[in-house]
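One-letter residues, chain by chain:
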Amino acid sequence: MADKKKTEDGYVAKGTYFDEGLSDADRAAVEDLSRQWKEYQAAGDQAGMDKAHQQAEAIRSGYGYSGGGDGSEYIPIPREEQKDSTPGDWIGGGGTALGGSGKGSVGSWGGGRFTYEQAPEYASKYQKQIDELTAEILGRPAFEYDPFKDPTYQQYEQSYREGGKRAMQDTLGQASARSGGLASSYADRVSQQTYDQYMSELADKIPELKQLAYEMYLNELNGKRADLSMLTGLDDSAYNKFLTSLGQYNADRSFDYGMFGDAVGRDQWQREFDRGVLESDRDFAYGVSRDQIADERYGTEWDYKVQQDALSRGDQDRQEAISRIYNYLQAGGTVAGLPQDLVQGSGLSTMELEALAADFAKQRSQSDQQFAADLAASKAATAAKYSSASKGSGGSSGGSTKDKYQDKSSNYYRIQKQAAGYDDVEDVQAYLDRMIDQGYITAEEAAEMFTLDLGWNPDDLSGMEDDGGTSGTPKTYEEFSAATGNPGIYTQSEFQMRKSRGSSSVAKYKDYQDYLAQKYREYMKEG
(Lines give C-alpha, C1' and ligand atoms only; values in the text may rest on other atoms or scores of the structure.)
Protein backbone atom coordinates (compact mmCIF):
# COMPACT_ATOMS: atom_id res chain seq x y z
CA MET A 1 0.00 0.00 0.00
CA ALA A 2 0.96 3.59 -0.30
CA ASP A 3 2.83 5.67 2.24
CA LYS A 4 0.10 7.64 4.04
CA LYS A 5 2.45 9.89 6.00
CA LYS A 6 1.59 13.55 5.51
CA THR A 7 4.10 16.30 4.93
CA GLU A 8 4.23 19.34 7.21
CA ASP A 9 1.91 21.33 4.93
CA GLY A 10 -0.70 18.55 5.12
CA TYR A 11 -1.32 17.73 1.44
CA VAL A 12 0.54 15.08 -0.53
CA ALA A 13 -0.82 15.12 -4.07
CA LYS A 14 1.83 12.59 -5.22
CA GLY A 15 1.99 10.62 -1.99
CA THR A 16 1.33 7.30 -3.75
CA TYR A 17 2.75 5.32 -6.61
CA PHE A 18 -0.77 5.23 -8.00
CA ASP A 19 -0.61 8.85 -9.22
CA GLU A 20 2.21 7.73 -11.51
CA GLY A 21 -0.38 5.76 -13.44
CA LEU A 22 -1.91 9.05 -14.63
CA SER A 23 -1.21 10.43 -18.06
CA ASP A 24 1.47 13.14 -18.31
CA ALA A 25 -1.16 15.86 -18.72
CA ASP A 26 -3.27 14.65 -15.77
CA ARG A 27 -0.20 14.22 -13.54
CA ALA A 28 0.88 17.80 -14.34
CA ALA A 29 -2.65 19.00 -13.53
CA VAL A 30 -2.60 17.23 -10.13
CA GLU A 31 0.81 18.76 -9.34
CA ASP A 32 -0.49 22.24 -10.21
CA LEU A 33 -3.56 21.71 -8.02
CA SER A 34 -1.23 20.66 -5.18
CA ARG A 35 0.66 23.94 -5.59
CA GLN A 36 -2.62 25.89 -5.55
CA TRP A 37 -3.75 24.01 -2.42
CA LYS A 38 -0.58 25.09 -0.59
CA GLU A 39 -1.07 28.73 -1.64
CA TYR A 40 -4.69 28.67 -0.42
CA GLN A 41 -3.56 27.09 2.86
CA ALA A 42 -0.92 29.82 3.38
CA ALA A 43 -3.62 32.46 2.77
CA GLY A 44 -6.09 30.71 5.12
CA ASP A 45 -8.57 30.19 2.28
CA GLN A 46 -10.46 26.98 3.16
CA ALA A 47 -12.84 27.31 0.21
CA GLY A 48 -9.90 27.47 -2.19
CA MET A 49 -8.28 24.45 -0.52
CA ASP A 50 -11.50 22.42 -0.87
CA LYS A 51 -11.91 23.42 -4.50
CA ALA A 52 -8.33 22.39 -5.43
CA HIS A 53 -8.76 19.05 -3.65
CA GLN A 54 -12.08 18.37 -5.38
CA GLN A 55 -10.56 19.06 -8.78
CA ALA A 56 -7.65 16.67 -8.07
CA GLU A 57 -10.14 14.03 -6.92
CA ALA A 58 -12.14 14.49 -10.13
CA ILE A 59 -9.03 13.62 -12.15
CA ARG A 60 -8.26 10.55 -10.01
CA SER A 61 -11.86 9.32 -10.23
CA GLY A 62 -11.41 8.93 -13.97
CA TYR A 63 -8.71 6.37 -13.20
CA GLY A 64 -10.84 4.40 -10.74
CA TYR A 65 -9.54 5.58 -7.35
CA SER A 66 -9.57 8.37 -4.75
CA GLY A 67 -6.64 9.96 -2.91
CA GLY A 68 -8.60 10.28 0.33
CA GLY A 69 -8.86 13.42 2.43
CA ASP A 70 -5.32 14.65 1.72
CA GLY A 71 -4.46 12.93 -1.58
CA SER A 72 -2.01 10.45 -0.04
CA GLU A 73 -4.20 7.34 -0.08
CA TYR A 74 -5.37 4.84 -2.68
CA ILE A 75 -9.07 4.08 -2.30
CA PRO A 76 -10.66 2.13 -5.19
CA ILE A 77 -13.97 3.56 -6.39
CA PRO A 78 -16.83 1.13 -7.20
CA ARG A 79 -17.52 0.98 -10.90
CA GLU A 80 -20.99 2.41 -10.58
CA GLU A 81 -19.51 5.57 -8.93
CA GLN A 82 -16.70 6.16 -11.45
CA LYS A 83 -16.87 8.93 -14.02
CA ASP A 84 -16.43 8.30 -17.72
CA SER A 85 -13.15 10.22 -18.01
CA THR A 86 -9.71 10.01 -19.60
CA PRO A 87 -8.63 6.33 -19.79
CA GLY A 88 -6.00 5.39 -17.21
CA ASP A 89 -6.01 2.68 -14.54
CA TRP A 90 -9.66 2.24 -15.37
CA ILE A 91 -10.73 1.83 -19.00
CA GLY A 92 -14.25 1.93 -20.34
CA GLY A 93 -16.12 3.77 -17.60
CA GLY A 94 -19.49 2.22 -16.97
CA GLY A 95 -19.61 0.51 -20.35
CA THR A 96 -18.22 -2.76 -21.64
CA ALA A 97 -14.77 -3.64 -20.25
CA LEU A 98 -11.87 -3.49 -22.70
CA GLY A 99 -8.64 -5.46 -22.99
CA GLY A 100 -9.80 -8.78 -21.58
CA SER A 101 -7.75 -10.09 -18.65
CA GLY A 102 -4.09 -10.95 -18.04
CA LYS A 103 -1.18 -10.98 -15.59
CA GLY A 104 2.41 -9.78 -15.72
CA SER A 105 5.35 -9.76 -13.31
CA VAL A 106 3.86 -7.20 -10.89
CA GLY A 107 0.64 -6.10 -12.59
CA SER A 108 -2.63 -7.75 -13.51
CA TRP A 109 -5.75 -6.65 -15.34
CA GLY A 110 -9.28 -7.70 -15.93
CA GLY A 111 -12.66 -6.10 -16.47
CA GLY A 112 -11.02 -2.89 -17.70
CA ARG A 113 -9.00 -2.35 -14.46
CA PHE A 114 -5.21 -2.44 -14.10
CA THR A 115 -3.70 -3.13 -10.63
CA TYR A 116 -0.16 -3.81 -9.43
CA GLU A 117 1.74 -5.03 -6.39
CA GLN A 118 3.21 -2.88 -3.65
CA ALA A 119 6.54 -1.29 -4.52
CA PRO A 120 9.61 -2.32 -2.50
CA GLU A 121 10.55 -0.02 0.39
CA TYR A 122 13.94 0.69 1.95
CA ALA A 123 14.77 0.59 5.66
CA SER A 124 18.45 0.77 6.68
CA LYS A 125 19.57 -1.84 9.26
CA TYR A 126 22.88 -0.03 9.79
CA GLN A 127 21.63 3.49 10.47
CA LYS A 128 21.46 3.15 14.26
CA GLN A 129 25.07 1.92 14.47
CA ILE A 130 26.19 4.63 12.06
CA ASP A 131 24.53 7.33 14.18
CA GLU A 132 26.00 6.01 17.46
CA LEU A 133 29.52 5.63 16.07
CA THR A 134 29.36 9.06 14.46
CA ALA A 135 28.34 10.57 17.81
CA GLU A 136 31.31 8.85 19.53
CA ILE A 137 33.79 10.16 16.95
CA LEU A 138 32.44 13.70 16.91
CA GLY A 139 32.08 13.82 20.71
CA ARG A 140 35.49 12.31 21.56
CA PRO A 141 37.47 14.10 24.34
CA ALA A 142 40.68 15.93 23.49
CA PHE A 143 43.94 14.03 24.10
CA GLU A 144 45.43 14.53 27.58
CA TYR A 145 48.34 12.71 29.26
CA ASP A 146 48.83 12.26 33.00
CA PRO A 147 51.91 10.02 33.74
CA PHE A 148 50.67 9.27 37.22
CA LYS A 149 47.55 7.65 35.71
CA ASP A 150 49.58 5.72 33.13
CA PRO A 151 50.13 2.05 34.23
CA THR A 152 53.27 1.84 32.08
CA TYR A 153 54.77 4.88 33.78
CA GLN A 154 53.92 3.46 37.19
CA GLN A 155 55.81 0.27 36.31
CA TYR A 156 58.79 2.33 35.17
CA GLU A 157 58.62 4.42 38.35
CA GLN A 158 58.67 1.38 40.61
CA SER A 159 61.55 -0.18 38.69
CA TYR A 160 63.64 2.98 38.69
CA ARG A 161 63.02 3.71 42.38
CA GLU A 162 64.10 0.22 43.36
CA GLY A 163 67.15 0.35 41.11
CA GLY A 164 68.02 3.82 42.43
CA LYS A 165 67.83 2.62 45.99
CA ARG A 166 70.08 -0.37 45.28
CA ALA A 167 72.60 1.79 43.45
CA MET A 168 72.51 4.35 46.25
CA GLN A 169 73.25 1.67 48.86
CA ASP A 170 76.08 0.22 46.76
CA THR A 171 77.59 3.63 46.26
CA LEU A 172 77.25 4.42 50.01
CA GLY A 173 78.99 1.10 50.92
CA GLN A 174 81.86 1.69 48.52
CA ALA A 175 82.40 5.25 49.77
CA SER A 176 82.32 4.13 53.42
CA ALA A 177 84.86 1.36 52.70
CA ARG A 178 87.33 3.95 51.46
CA SER A 179 87.00 5.82 54.76
CA GLY A 180 87.60 2.76 56.96
CA GLY A 181 83.95 1.78 57.25
CA LEU A 182 82.85 5.06 58.75
CA ALA A 183 79.97 7.08 57.38
CA SER A 184 80.80 10.50 55.98
CA SER A 185 79.06 13.41 54.28
CA TYR A 186 80.90 12.60 51.07
CA ALA A 187 79.48 9.09 51.02
CA ASP A 188 75.95 10.42 51.63
CA ARG A 189 76.28 12.99 48.83
CA VAL A 190 77.65 10.54 46.30
CA SER A 191 75.00 7.92 47.07
CA GLN A 192 72.19 10.55 46.78
CA GLN A 193 73.55 11.69 43.40
CA THR A 194 73.35 8.10 42.20
CA TYR A 195 69.69 7.89 43.26
CA ASP A 196 68.86 11.26 41.65
CA GLN A 197 70.39 10.07 38.40
CA TYR A 198 67.94 7.16 38.31
CA MET A 199 65.02 9.54 38.96
CA SER A 200 66.23 11.83 36.16
CA GLU A 201 66.29 8.90 33.74
CA LEU A 202 62.69 8.12 34.83
CA ALA A 203 61.63 11.71 34.00
CA ASP A 204 63.25 11.36 30.57
CA LYS A 205 60.89 8.48 29.88
CA ILE A 206 57.75 10.71 30.17
CA PRO A 207 57.86 12.22 26.59
CA GLU A 208 58.36 8.74 25.17
CA LEU A 209 55.43 7.38 27.16
CA LYS A 210 53.26 10.40 26.18
CA GLN A 211 53.97 9.80 22.48
CA LEU A 212 53.11 6.14 22.94
CA ALA A 213 49.82 7.08 24.65
CA TYR A 214 49.00 9.55 21.83
CA GLU A 215 49.58 6.88 19.21
CA MET A 216 47.24 4.56 21.08
CA TYR A 217 44.63 7.40 21.15
CA LEU A 218 44.95 7.87 17.39
CA ASN A 219 44.82 4.13 16.74
CA GLU A 220 41.58 3.89 18.67
CA LEU A 221 40.10 6.87 16.74
CA ASN A 222 41.19 5.47 13.39
CA GLY A 223 39.66 2.15 14.32
CA LYS A 224 36.30 3.80 14.93
CA ARG A 225 36.57 5.68 11.66
CA ALA A 226 37.30 2.44 9.83
CA ASP A 227 34.26 0.86 11.47
CA LEU A 228 32.12 3.85 10.41
CA SER A 229 33.41 3.62 6.84
CA MET A 230 32.59 -0.06 6.74
CA LEU A 231 29.06 0.53 8.06
CA THR A 232 28.33 3.31 5.56
CA GLY A 233 29.70 1.10 2.79
CA LEU A 234 27.39 -1.70 3.81
CA ASP A 235 24.46 0.72 3.98
CA ASP A 236 25.26 2.13 0.53
CA SER A 237 25.49 -1.36 -0.88
CA ALA A 238 22.12 -2.29 0.62
CA TYR A 239 20.56 0.93 -0.72
CA ASN A 240 21.95 0.31 -4.20
CA LYS A 241 20.43 -3.14 -4.14
CA PHE A 242 17.11 -1.53 -3.15
CA LEU A 243 17.39 0.94 -6.04
CA THR A 244 18.04 -1.92 -8.42
CA SER A 245 15.00 -3.74 -7.07
CA LEU A 246 12.87 -0.60 -7.29
CA GLY A 247 14.05 0.07 -10.84
CA GLN A 248 13.17 -3.48 -11.86
CA TYR A 249 9.76 -3.09 -10.18
CA ASN A 250 9.08 0.15 -12.09
CA ALA A 251 10.24 -1.44 -15.34
CA ASP A 252 8.02 -4.48 -14.78
CA ARG A 253 5.07 -2.31 -13.86
CA SER A 254 5.53 -0.15 -16.98
CA PHE A 255 5.88 -3.25 -19.15
CA ASP A 256 2.76 -4.86 -17.67
CA TYR A 257 0.81 -1.63 -18.10
CA GLY A 258 2.01 -1.48 -21.68
CA MET A 259 0.66 -4.97 -22.32
CA PHE A 260 -2.65 -3.91 -20.79
CA GLY A 261 -2.66 -0.78 -22.95
CA ASP A 262 -1.89 -2.78 -26.09
CA ALA A 263 -4.83 -5.08 -25.42
CA VAL A 264 -7.11 -2.11 -24.83
CA GLY A 265 -5.71 -0.39 -27.91
CA ARG A 266 -6.53 -3.30 -30.15
CA ASP A 267 -10.14 -3.34 -28.96
CA GLN A 268 -10.45 0.39 -29.26
CA TRP A 269 -8.94 0.42 -32.76
CA GLN A 270 -11.57 -1.95 -34.07
CA ARG A 271 -14.33 0.06 -32.43
CA GLU A 272 -12.94 3.32 -33.78
CA PHE A 273 -12.60 1.84 -37.27
CA ASP A 274 -16.23 0.69 -37.35
CA ARG A 275 -17.34 4.01 -35.93
CA GLY A 276 -15.22 5.89 -38.49
CA VAL A 277 -16.90 4.18 -41.42
CA LEU A 278 -20.30 5.09 -40.04
CA GLU A 279 -19.38 8.67 -39.26
CA SER A 280 -17.65 9.18 -42.62
CA ASP A 281 -20.83 8.32 -44.50
CA ARG A 282 -22.88 10.48 -42.19
CA ASP A 283 -20.46 13.43 -42.38
CA PHE A 284 -20.37 13.35 -46.17
CA ALA A 285 -24.11 13.74 -46.39
CA TYR A 286 -24.04 16.42 -43.72
CA GLY A 287 -21.21 18.27 -45.49
CA VAL A 288 -23.19 18.59 -48.70
CA SER A 289 -25.99 20.39 -46.87
CA ARG A 290 -23.54 22.55 -44.93
CA ASP A 291 -21.80 23.70 -48.12
CA GLN A 292 -25.06 25.12 -49.38
CA ILE A 293 -25.65 26.94 -46.10
CA ALA A 294 -22.04 28.22 -46.09
CA ASP A 295 -22.44 29.71 -49.57
CA GLU A 296 -25.50 31.62 -48.45
CA ARG A 297 -23.77 32.81 -45.28
CA TYR A 298 -20.68 33.95 -47.20
CA GLY A 299 -22.83 36.20 -49.39
CA THR A 300 -24.50 37.72 -46.34
CA GLU A 301 -21.18 38.28 -44.55
CA TRP A 302 -19.66 39.89 -47.62
CA ASP A 303 -22.51 42.40 -47.85
CA TYR A 304 -22.12 43.15 -44.12
CA LYS A 305 -18.36 43.64 -44.50
CA VAL A 306 -18.86 46.12 -47.36
CA GLN A 307 -21.31 48.05 -45.17
CA GLN A 308 -18.91 48.09 -42.18
CA ASP A 309 -16.01 49.27 -44.35
CA ALA A 310 -18.11 52.22 -45.48
CA LEU A 311 -19.01 53.06 -41.88
CA SER A 312 -15.38 52.78 -40.83
CA ARG A 313 -14.21 55.18 -43.53
CA GLY A 314 -16.92 57.65 -42.51
CA ASP A 315 -15.80 57.49 -38.85
CA GLN A 316 -12.15 58.15 -39.79
CA ASP A 317 -13.18 61.21 -41.85
CA ARG A 318 -15.21 62.52 -38.89
CA GLN A 319 -12.29 62.11 -36.46
CA GLU A 320 -9.95 63.94 -38.86
CA ALA A 321 -12.47 66.81 -39.24
CA ILE A 322 -12.81 67.13 -35.43
CA SER A 323 -9.01 67.16 -35.02
CA ARG A 324 -8.65 69.98 -37.58
CA ILE A 325 -11.40 72.00 -35.87
CA TYR A 326 -9.69 71.58 -32.48
CA ASN A 327 -6.35 72.81 -33.85
CA TYR A 328 -8.03 75.76 -35.57
CA LEU A 329 -9.99 76.90 -32.50
CA GLN A 330 -7.03 76.28 -30.19
CA ALA A 331 -4.89 78.52 -32.40
CA GLY A 332 -7.38 81.41 -31.99
CA GLY A 333 -9.73 80.81 -34.90
CA THR A 334 -13.44 81.64 -34.69
CA VAL A 335 -16.49 79.45 -35.26
CA ALA A 336 -17.62 81.76 -38.05
CA GLY A 337 -14.34 81.19 -39.87
CA LEU A 338 -14.73 77.40 -40.01
CA PRO A 339 -15.44 75.91 -43.48
CA GLN A 340 -18.96 74.50 -43.63
CA ASP A 341 -17.86 71.20 -45.16
CA LEU A 342 -15.48 70.72 -42.19
CA VAL A 343 -18.28 71.44 -39.70
CA GLN A 344 -20.64 69.06 -41.46
CA GLY A 345 -17.98 66.32 -41.59
CA SER A 346 -17.32 66.61 -37.84
CA GLY A 347 -20.95 66.18 -36.82
CA LEU A 348 -20.54 68.83 -34.09
CA SER A 349 -23.39 71.24 -33.40
CA THR A 350 -23.01 75.03 -33.38
CA MET A 351 -23.49 75.03 -29.61
CA GLU A 352 -20.66 72.47 -29.16
CA LEU A 353 -18.37 74.49 -31.43
CA GLU A 354 -19.05 77.75 -29.57
CA ALA A 355 -18.42 76.02 -26.24
CA LEU A 356 -15.08 74.73 -27.52
CA ALA A 357 -14.10 78.16 -28.84
CA ALA A 358 -15.02 79.79 -25.52
CA ASP A 359 -13.03 77.21 -23.59
CA PHE A 360 -9.94 77.70 -25.77
CA ALA A 361 -10.30 81.50 -25.52
CA LYS A 362 -10.41 81.20 -21.73
CA GLN A 363 -7.27 79.04 -21.75
CA ARG A 364 -5.45 81.57 -23.99
CA SER A 365 -6.50 84.45 -21.75
CA GLN A 366 -5.22 82.68 -18.65
CA SER A 367 -2.02 81.77 -20.44
CA ASP A 368 -1.55 85.39 -21.65
CA GLN A 369 -2.02 86.72 -18.13
CA GLN A 370 0.44 84.23 -16.69
CA PHE A 371 2.96 84.91 -19.44
CA ALA A 372 2.66 88.70 -18.97
CA ALA A 373 3.32 88.26 -15.25
CA ASP A 374 6.28 85.92 -15.87
CA LEU A 375 7.71 88.24 -18.55
CA ALA A 376 7.44 91.29 -16.30
CA ALA A 377 9.17 89.42 -13.49
CA SER A 378 11.87 88.20 -15.88
CA LYS A 379 12.56 91.68 -17.25
CA ALA A 380 12.68 93.13 -13.76
CA ALA A 381 15.14 90.47 -12.66
CA THR A 382 17.26 91.02 -15.78
CA ALA A 383 17.33 94.79 -15.27
CA ALA A 384 18.38 94.36 -11.65
CA LYS A 385 21.03 91.77 -12.56
CA TYR A 386 22.69 93.87 -15.25
CA SER A 387 22.05 97.37 -13.91
CA SER A 388 25.65 97.64 -12.76
CA ALA A 389 26.88 96.86 -16.25
CA SER A 390 24.97 99.84 -17.67
CA LYS A 391 26.50 102.35 -15.22
CA GLY A 392 29.86 104.12 -15.46
CA SER A 393 32.75 103.39 -13.15
CA GLY A 394 32.46 106.78 -11.51
CA GLY A 395 29.56 108.85 -10.17
CA SER A 396 28.66 111.70 -7.95
CA SER A 397 27.47 111.36 -4.42
CA GLY A 398 24.05 112.48 -5.61
CA GLY A 399 23.65 109.16 -7.49
CA SER A 400 23.35 110.57 -11.05
CA THR A 401 23.57 107.90 -13.80
CA LYS A 402 25.85 108.30 -16.80
CA ASP A 403 24.93 107.36 -20.33
CA LYS A 404 24.84 103.55 -20.67
CA TYR A 405 27.44 103.64 -23.48
CA GLN A 406 29.99 105.66 -21.45
CA ASP A 407 33.27 103.97 -20.50
CA LYS A 408 32.70 101.01 -22.81
CA SER A 409 35.48 99.18 -24.60
CA SER A 410 36.57 100.94 -27.77
CA ASN A 411 35.21 98.09 -29.89
CA TYR A 412 31.86 97.83 -28.04
CA TYR A 413 29.72 99.65 -30.67
CA ARG A 414 31.33 97.86 -33.61
CA ILE A 415 30.78 94.47 -31.96
CA GLN A 416 27.21 95.41 -31.05
CA LYS A 417 26.44 96.28 -34.66
CA GLN A 418 27.97 93.03 -35.90
CA ALA A 419 26.07 90.91 -33.33
CA ALA A 420 22.77 92.58 -34.31
CA GLY A 421 23.21 91.16 -37.80
CA TYR A 422 22.83 87.51 -36.61
CA ASP A 423 19.37 85.94 -36.61
CA ASP A 424 20.27 82.79 -34.67
CA VAL A 425 20.88 82.99 -30.92
CA GLU A 426 23.65 80.37 -31.17
CA ASP A 427 25.50 82.52 -33.75
CA VAL A 428 25.21 85.57 -31.47
CA GLN A 429 26.56 83.64 -28.49
CA ALA A 430 29.43 82.15 -30.49
CA TYR A 431 30.42 85.57 -31.84
CA LEU A 432 30.35 87.25 -28.40
CA ASP A 433 32.36 84.37 -26.90
CA ARG A 434 35.10 84.93 -29.52
CA MET A 435 35.17 88.67 -28.79
CA ILE A 436 35.58 87.92 -25.05
CA ASP A 437 38.36 85.38 -25.70
CA GLN A 438 40.23 87.90 -27.92
CA GLY A 439 39.94 90.63 -25.28
CA TYR A 440 37.81 93.11 -27.24
CA ILE A 441 35.02 93.24 -24.62
CA THR A 442 34.48 91.98 -21.11
CA ALA A 443 32.07 89.20 -20.08
CA GLU A 444 29.87 91.81 -18.34
CA GLU A 445 29.70 93.91 -21.53
CA ALA A 446 28.79 90.82 -23.56
CA ALA A 447 25.99 89.95 -21.15
CA GLU A 448 24.59 93.50 -21.27
CA MET A 449 24.81 93.60 -25.05
CA PHE A 450 23.08 90.18 -25.34
CA THR A 451 20.09 91.00 -23.11
CA LEU A 452 19.61 94.77 -23.00
CA ASP A 453 20.93 95.97 -26.36
CA LEU A 454 19.99 93.02 -28.57
CA GLY A 455 16.88 91.89 -26.63
CA TRP A 456 17.64 88.16 -26.35
CA ASN A 457 16.01 86.14 -23.58
CA PRO A 458 18.15 85.99 -20.37
CA ASP A 459 17.30 82.26 -20.15
CA ASP A 460 19.27 81.75 -23.37
CA LEU A 461 22.20 83.60 -21.82
CA SER A 462 22.20 81.42 -18.70
CA GLY A 463 22.43 78.28 -20.81
CA MET A 464 25.40 79.35 -22.98
CA GLU A 465 27.88 77.08 -21.24
CA ASP A 466 25.44 74.15 -20.95
CA ASP A 467 23.65 73.54 -24.24
CA GLY A 468 24.41 76.34 -26.66
CA GLY A 469 21.79 78.79 -25.47
CA THR A 470 18.70 76.70 -26.19
CA SER A 471 17.59 76.40 -22.52
CA GLY A 472 14.00 77.46 -22.03
CA THR A 473 13.05 77.05 -25.72
CA PRO A 474 9.69 75.21 -26.06
CA LYS A 475 9.98 71.66 -27.34
CA THR A 476 6.27 71.03 -28.13
CA TYR A 477 3.26 72.95 -29.39
CA GLU A 478 1.75 72.86 -25.90
CA GLU A 479 4.92 74.29 -24.30
CA PHE A 480 5.00 77.11 -26.87
CA SER A 481 1.35 77.99 -26.20
CA ALA A 482 1.91 77.89 -22.43
CA ALA A 483 5.10 80.01 -22.64
CA THR A 484 3.80 82.66 -25.07
CA GLY A 485 0.02 82.54 -24.66
CA ASN A 486 -0.09 82.52 -28.47
CA PRO A 487 -1.20 79.22 -30.05
CA GLY A 488 -1.27 80.68 -33.57
CA ILE A 489 1.44 78.44 -35.02
CA TYR A 490 1.38 75.06 -36.73
CA THR A 491 0.95 71.92 -34.64
CA GLN A 492 3.53 69.21 -35.26
CA SER A 493 1.11 67.19 -37.44
CA GLU A 494 0.27 70.29 -39.53
CA PHE A 495 3.96 71.12 -39.87
CA GLN A 496 4.79 67.58 -41.01
CA MET A 497 1.92 67.61 -43.51
CA ARG A 498 3.13 70.87 -45.07
CA LYS A 499 6.74 69.70 -45.00
CA SER A 500 5.83 66.52 -46.88
CA ARG A 501 3.98 68.58 -49.50
CA GLY A 502 6.94 70.94 -49.99
CA SER A 503 5.10 74.02 -48.72
CA SER A 504 7.21 77.18 -48.90
CA SER A 505 5.91 78.28 -45.47
CA VAL A 506 7.99 75.60 -43.72
CA ALA A 507 10.77 74.99 -46.26
CA LYS A 508 13.38 77.06 -44.39
CA TYR A 509 13.01 75.05 -41.16
CA LYS A 510 15.14 71.97 -40.60
CA ASP A 511 12.49 70.22 -38.46
CA TYR A 512 9.65 71.01 -36.05
CA GLN A 513 12.05 71.76 -33.18
CA ASP A 514 13.85 74.33 -35.36
CA TYR A 515 10.45 75.81 -36.28
CA LEU A 516 9.47 76.16 -32.60
CA ALA A 517 12.84 77.69 -31.66
CA GLN A 518 12.74 80.37 -34.36
CA LYS A 519 9.09 81.22 -33.69
CA TYR A 520 9.93 81.55 -30.00
CA ARG A 521 12.84 83.91 -30.73
CA GLU A 522 10.62 86.02 -32.98
CA TYR A 523 8.04 86.23 -30.23
CA MET A 524 10.66 87.22 -27.64
CA LYS A 525 12.01 89.99 -29.89
CA GLU A 526 8.50 91.34 -30.53
CA GLY A 527 7.85 91.23 -26.77
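In short, a report on the structure. (Residues numbered from 1 in each chain as written. Predicted model: local features only at pLDDT ≥ 70, side-chain atom pairs only at ≥ 80, totals over all residues. Heavy atoms only, no water.)

1. Concerning the overall build of the chain
Okay, step 1: Looking only at helices and strands, one finds 15 helices and five strands in the chain.
Okay, step 2: Counting the 527 residues in the chain, one finds 31% classified as buried.
Okay, step 3: Of the contacts formed within the chain by residues at least 6 apart in sequence, a portion of 60% connects residues at least 24 apart. (Helix = DSSP H or I, 4+ residues; strand = E, 2+ residues; numbered from the N terminus. Buried < 20%, exposed > 50% of the residue type's maximum accessible area, 1.4 Å probe, protein only. Contact = heavy atoms within 4.5 Å.)

2. Observations concerning a nonpolar patch on the surface
Okay, step 1: Judged by side-chain polarity, W269, F273 and V277 come together as a nonpolar surface patch covering roughly 340 Å² of accessible area.
Okay, step 2: With respect to the helices and strands, V277 occurs in helix α5 (residues 185-330). (Patch = residues over 30% accessible without salt bridge, like charges linked within 9 Å, V, L, I, M, F, W, Y side chains within 5 Å. Areas by Shrake-Rupley, 256 points an atom, 1.4 Å probe, with all protein chains shown as cover. Salt bridge = Lys/Arg side-chain N within 4 Å of Asp/Glu carboxyl O.)

3. Digging into the pattern of salt bridges
Okay, step 1: What the rule picks out here adds up to seven salt bridges.
Okay, step 2: Here R35 ties to D32 by a salt bridge, and the two come within 2.6 Å at their closest N and O atoms. Taken as a pair, R35 and D32 lie in helix α1 (residues 24-43) at a separation of three residues, close to a single helical turn.
Okay, step 3: Residue classification places R35 among the partly exposed positions, given a relative accessible area of 39%.
Okay, step 4: Each member of the salt-bridge network shares a partner with another, and the members are D32, R35 and E39.

4. Some words on the sheet that holds strand β3 (residues 101-103)
Okay, step 1: A sheet is described by the order of its strands in space; here three strands give the open sequence β3-β4-β5, paired in antiparallel fashion. The open sheet is flanked by β3 and β5 (113-116), the only strands paired with a single partner. On average, adjacent strands in this sheet sit at an angle of 15 degrees to one another, irrespective of strand direction.
Okay, step 2: Examined bridge by bridge, strand β4 (residues 107-110) and β5 share four bridges and lie antiparallel to one another. Looking across to β5, one finds that S108 is bridged to T115. (Pairing = 2+ DSSP bridges. Axes fitted to C-alpha atoms, helices over the stretch in contact; angles between N-to-C directions.)

5. Observations concerning the packing of helix α8 (residues 412-420) against helix α9 (residues 425-437)
Angle between the axes and distance between the axes are the two parameters that describe a pair of packed helices.
Okay, step 1: Running from amino to carboxyl end, α8 crosses α9 at an angle of 160 degrees, the nearest separation of the two axes being 10 Å. As summarised for this structure, α8 and α9 are arranged roughly antiparallel, according to the angle between their axes. Handedness of the crossing formed by α8 with α9: right-handed. Along its contact with α8, which presents R414, I415, Q418 and A419, the element α9 presents V428, Y431, L432 and M435.
Okay, step 2: Per-class residue counts for the contact of α8 with α9 are six nonpolar, one polar and one charged. (Parallel < 35°, antiparallel > 145°, perpendicular 65-115°, else oblique. Left-handed = near helix turned anticlockwise from the far one by under 90°. Nonpolar A, V, L, I, M, F, W, Y, C, P; charged D, E, K, R; others polar.)

6. What about α1?
Okay, step 1: Over its 20 residues, α1 extends 29 Å from the first C-alpha to the last, a length consistent with the 28 Å expected when each residue adds 1.5 Å.
Okay, step 2: Among the residues of α1, D26, R27, V30, L33, S34, Q36 and W37 are the ones counted as buried.
Okay, step 3: Check the buried side of α1 and you find it contacts α2 (46-61).
Okay, step 4: Of the residues flanking the end of α1, it is G44, one or two places downstream, whose phi is positive at about 70 degrees. (Expected span 1.5 Å × (residues − 1).)

7. Here's the deal with the nonpolar core
Okay, step 1: By size, the foremost hydrophobic cluster in this structure holds 14 residues, and its most contacted members are I415, L432 and M449.
Okay, step 2: Of all the secondary structure elements, the ones that give two or more residues to this core are α8, α9 and α10 (443-453).
Okay, step 3: Looking at this core, the element that brings in the most residues is α9, giving five residues.
Okay, step 4: The contact partners of M449, leaving out residues within four places of it in the chain, are Y412, I415, Q416, A419, L432 and L454. (Core = buried A, V, L, I, M, F, W, Y, C linked by side-chain atoms within 4.5 Å.)

8. Quick notes on the packing of α1 against α2
Okay, step 1: Running from amino to carboxyl end, α1 crosses α2 at an angle of 165 degrees, the nearest separation of the two axes being 8 Å. Comparing their axes, α2 and α1 come out roughly antiparallel. Read as a crossing pair, α1 and α2 show a hand that is left-handed. Residues D26, A29, V30, L33, W37, Y40 and Q41 of α1 form the contact with α2, whose own contacting residues are G48, M49, A52, H53, Q55, A56, I59 and R60.
Okay, step 2: Across the contact of α1 with α2, the residue classes break down as nine nonpolar, four polar and two charged.

9. A word on the pairing of β4
Okay, step 1: Burial of the side chains of β4 is restricted to one face: G107 and W109 are buried, whereas none of S108 and G110 on the reverse face is.
Okay, step 2: Across three bridges, the pairing between β3 and β4 is antiparallel. Within β4, the residue paired with K103 across the bridge is S108.
Okay, step 3: Between β3 and β4, which pair antiparallel and follow one another directly, the connecting turn spans three residues.

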